[in-house]
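Chain and residue survey
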Amino acid sequence: MGKYYHICLSVRGALKRGKQHMVGMFKHPTEKRSMTPREAEDFLMDELAKGHEVIPICDCDNFDFKENGGCQGHDDGR
């Protein structure tokens, strides 16, 4: 049986790139708009405060938020 994996984003890596690279990177959770660079930076800082080194790019129910973690894989049904 095969597996597929979701991609993830390094929180520290995204913060190191700077706010100018965060334009349109994240959607506001309660509004239908992109976060401003400042909101995106605050979001990423909050993730670090939770101990999250990486975050999923999409919904993933088998995710490890620690460094070298990420999606742990999903059976592809084959």
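The following refers to the structure shown. Here the structure is a predicted model, which is why all the values come from computation and not from measurement.

When its secondary structure is counted, the chain shows 2 helices and 6 strands. Helices and strands appear in the chain in the N-to-C order β-β-α-α-β-β-β-β. The contacts of the chain with a sequence gap of at least 6 include a subset with a gap of at least 24, amounting to 47%. Total accessible area on the chain is roughly 5600 Å²; 50% of this is exposed by carbon and sulfur atoms. Charged side chains of the chain number 12 positive and 13 negative; the gap between the two group centres comes to 5 Å.

When you line up the elements, Phe65 lands in the loop between β4 (63-64) and β5 (70-71). Among the residues examined, Phe65 registers a relative accessible area of 28% and is labelled partly exposed. In this view, Phe65 contacts Gly51, His52, Glu53, Val54, Ile55 and Pro56; residues no more than four positions away in its chain are not counted.

Moving on to the nonpolar core. Among soluble globular proteins, nonpolar side chains are generally buried collectively. Formed by Leu9, Val11, Ala14, Leu15, Met22, Phe26, Met35, Ala40, Leu44, Leu48 and Ile55, the largest nonpolar core amounts to 11 residues. Setting aside anything within four residues of it in sequence, one finds Leu44 in contact with Val11, Ala14, Leu15, Met22, Phe26 and Ile55.

Take the pattern of salt bridges next. Working definition: two side chains of opposite charge can pair if their charged atoms are close together. Going through the model one piece at a time under the given rule, you end up with 7 salt bridges. Residue Arg33 pairs with Glu31 through a salt bridge whose shortest N-O separation is 2.5 Å. On the basis of relative accessibility, which here comes to 29%, the residue Arg33 falls in the partly exposed class. When the shortest N-O distance is used, the salt bridge between Arg38 and Asp42 registers 3.5 Å. Placement of both Arg38 and Asp42 in helix α2 (residues 37-49) is noted, with a separation of 4 residues, approximately one turn of the helix. Overlapping salt bridges, with partners in common, bring together Lys19, Arg38, Glu41 and Asp42 in one network.

Moving on, we come to the packing of aromatic side chains. Evaluation of the coordinates by the stated rule reveals 2 aromatic pairs. Note on Phe63 and Phe65: the rings are 4.9 Å apart at their centroids and 65 degrees apart in plane angle, and the pair reads as edge-to-face. According to the relative accessible area criterion, Phe63 is buried, its value standing at 15%.

Parameters and conventions
- Numbering of residues begins from 1 in every chain and follows the order in which that chain's sequence is written.
- Side-chain atom pairs in this predicted model are given and counted only at pLDDT of 80 or more, local residue features only at pLDDT of at least 70, and totals for whole chains, interfaces and linings cover all residues.
- With hydrogens and water stripped out, all remaining heavy atoms of the structure feed into the side-chain values.
- The way it works is that DSSP assigns letters per residue, a run of H or I at least four long becomes a helix, a run of E at least two long becomes a strand, and they are numbered from the N terminus.
- Contacts were defined at the residue level, with two residues in contact if any of their heavy atoms lie within 4.5 Å.
- For the accessible areas, the method is Shrake-Rupley and the probe is 1.4 Å, while residue cover comes only from the protein chains on display.
- In this tally, Lys and Arg are treated as positive and Asp and Glu as negative; His is ignored, and so are the chain termini.
- By convention, the charge on Lys lies at NZ, on Arg at CZ, on Asp at CG and on Glu at CD.
- Under the scheme applied here, a residue whose accessible area is under 20% of the maximum for its type counts as buried, over 50% as exposed, and between as partly exposed, the area being computed with a 1.4 Å probe on protein chains only.
- In this text, buried Ala, Val, Leu, Ile, Met, Phe, Trp, Tyr and Cys residues form a nonpolar core when linked through side-chain atoms within 4.5 Å.
- Each salt bridge in this description consists of a side-chain nitrogen of Lys or Arg and a carboxyl oxygen of Asp or Glu lying within 4 Å of one another.
- When two rings of Phe, Tyr or Trp (its six-membered ring) have centres within 6.5 Å they constitute a pair, described as stacked for plane angles under 30 degrees, edge-to-face for angles over 60, and tilted for the intermediate range.

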